[in-house]
Amino acid sequence: MARIQLTPDLPEAVRFTEVDLSISVVRRRGGASTAQRLRRLAGDTRRVDLPIFRNLNLAVSPGEAVAIVPGSKDSGVVELFRLAAGTLIPDAGSVERQHHVVPMLTRSGLLNNSITVRQNIWVGALLLGLTPEQVRERFGWIVKFGGLDKTLDTYAKQVSPLMRRRVVWTVTMATRARVFAIQRSLVVGDEEFQERCWDYLDGLKSDGVTFLVETTDEMLRRFCTRGVVIGGGGVIADTTVEEAIRLRRIDETEEAEIQQEEAEDEDWQAE
Amino acid sequence: MPYVTEVLLWRYRSVLRMLVVRDLHVKYRQLRLGYVWAILEPLGMSVTMWFVFEVLLGGKKLGLQPYYLFLTVAILPWWWFVNSISGCTRVFIGQNRTLSVSQLPTQFNVVRVLVARAADFVLSLPLIVVAMLITRTYPTAWILLFPVAMVIQFALMWGVGLLVASVSAMIPDVARIIRILLRAAFYLTPVLYSLSNVPEGARPLTYINPLVGILGLYRMAWWPGEHEGWQAYATSFTVIAILMVIGFVTFRRVEHRILKAA
């Protein structure tokens, strides 16, 4: 059976029904006793099952822009997006979708450093489910909208972080999906480019495209129409955006990652 | 039926072609000699083996004549097999973050490796032509079985590749075990020698090793008499079918865990 299945006559855009999910994380074997030290000689990592969702129920209607806000540590925002997109399979329960859900995640590996931006546009668009004909047809749009014409033949590792995010953003939008699951980078690039991103996203929203978004409070207020706080294995609150933001608990690792990314951007500009 | 087309990735053939071309570009781009390496690597191996076993050890008893051609015809498919299987052990290990966004079937990653290595194999085929010209030994009509053997070998590697990729995603140590097993398999498969070097009673049994059947088909073009009858081939192909089923079933059972680890 195919991993990603569509349910065209589903009334909702995405529906999670009684979803259970645990993910496996790598932990180091600890301990300072002789036995524990000896044990580490035969491998010092182990995989641990970390429960994320227990009996999660959530329905997203077509045309909604839902803010997904973390309400506890290991709340599972990324996992929720990946479940929606079909790149994780629930342990129990079901995830149904009307159309393909295209995810845009911070740590997606969509950009490959060893190939050029032009090649990345191709590979990225193909991975996100476009056919070669569609990529050929939309390539011009990607280059024009992203303002990528000068960097096309540069290797991705030589491109600034801001530009890299522009590439990912434009390639993701070029899928013209009916549902997007976007983590952190709702709009990218310098101010002028951000304005263009906003115009584009607002246009999609009024066309009835559905969004699941996790990003800064400011952007959530500007863009979203509904707030969902997740954490502790399920939905904590299904409410307004403002109320959801009030219930936000950023988890520390997440916070550290954001800070590191900002530092990387600054390093780049300093060079 | 829709299940079959999904599994066989036929829908994705054009995407596959583009990605494989890209993979080959990346693999050969930094090398001064580029694609010539697809030829040089197996060439080095066959010349070394020929030198050791024919010139140094005077291996008239080993294999069939002309020995250099006999060796080349088997070493290229063997090289293809080794590179594919060891490539598959790495597919789901480490930096494969694209699994978190990819809308393509998960097993696409495995097939991508297999097809890229198949392209390497096709690029190295001129070596057989050269070996034929040097030894002035030309094929019989059985050469038609050569592409058939390629298809069957691909099927075998698809099954084994899925199995190996799934298991080594769960247990990284498996990649190293596979390396040892492949080295052992090189000597247990009649690449350097022919089946006539195996004790007569044991010959039909060797066909349990599916590569014996496949190499037999490749060599049929030049040495049509060198096999143990069609029942022996049937044994090899049954084993291949079983391995394919095991590979596909194992992969389906661990697919959700592979995704979780990405």
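Residues numbered from 1 in each chain as written. Chains lettered and ligands numbered in written order. Predicted model: local features only at pLDDT ≥ 70, side-chain atom pairs only at ≥ 80, totals over all residues.

**Q** Looking at this structure, how should I read the interface of chain A and chain B?
**A** The accessible area lost on association of the parts is a frequent measure of interface size. The interface is formed by 29 residues belonging to chain A together with 24 residues belonging to chain B. Elements with a contribution of two residues or more to the side of chain A that touches chain B: β1 (14–28), α2 (77–85) and α3 (117–127) of chain A. The element contributing the most residues to the side of chain A that touches chain B is α3 of chain A, with five residues. The residue inventory of the side of chain A that touches chain B, partitioned by class, reads 17 nonpolar, nine polar and three charged. (Contact = placed C-beta atoms within 7 Å. Helix = DSSP H or I, 4+ residues; strand = E, 2+ residues; numbered from the N terminus. Nonpolar A, V, L, I, M, F, W, Y, C, P; charged D, E, K, R; others polar.)

**Q** How should the sheet that holds β1 of chain A be read in this particular structure?
**A** Backbone-to-backbone hydrogen bonds join strands into a sheet, with any given pair of strands oriented parallel or antiparallel. Residue and element names in this part refer to chain A. Strand order in the open sheet formed by three strands is β2-β1-β4, and the pairing between neighbours is antiparallel. One side of each edge strand has no neighbouring strand; the edge strands of this open sheet are β2 (45–60) and β4 (92–97). In this sheet, adjacent strand axes meet at a mean angle of 40 degrees when their direction is disregarded. One ladder, built from five bridges, connects β1 with β4; its direction is antiparallel. Across the sheet, V14 pairs through a bridge with R97, a residue of β4. Sitting on the sheet, α2 touches β1, β2 and β4, and the angle it makes with β1 is about 125 degrees. (Pairing = 2+ DSSP bridges. Axes fitted to C-alpha atoms, helices over the stretch in contact; angles between N-to-C directions.)

**Q** Would you mind showing me how to read the packing of helix α10 (residues 210–219) of chain B against helix α11 (residues 230–261) of chain B here?
**A** Helix-helix packing: each pair is described by the crossing angle between the helix axes and the interaxial distance. All names here are of chain B. Interaxial distance between α10 and α11 falls to 8 Å at its minimum, and their mutual angle equals 125 degrees. Taken together, the axis directions place α10 and α11 in an arrangement best described as oblique. As for how α10 packs across α11, the hand of that crossing is left-handed. The segment α10 lies against α11, with P210, V212, G213, I214 and G216 engaging Y233, S236, F237, V239, I240 and L243. (Parallel < 35°, antiparallel > 145°, perpendicular 65-115°, else oblique. Left-handed = near helix turned anticlockwise from the far one by under 90°.)

**Q** Just checking my understanding: could you explain the packing of helix α7 (residues 145–170) of chain B against α10 of chain B for this structure?
**A** Residues and elements named next belong to chain B. Packing of α7 against α10 brings their axes to within 8 Å, and their N-to-C directions diverge by 160 degrees. As summarised for this structure, α7 and α10 are arranged roughly antiparallel, according to the angle between their axes. Between α7 and α10 lies a crossing whose hand is left-handed. Contacts between α7 and α10 involve L145, F146, V148, A149, I152, Q153 and L156 on the former and, on the latter, P210, I214, L217 and Y218.

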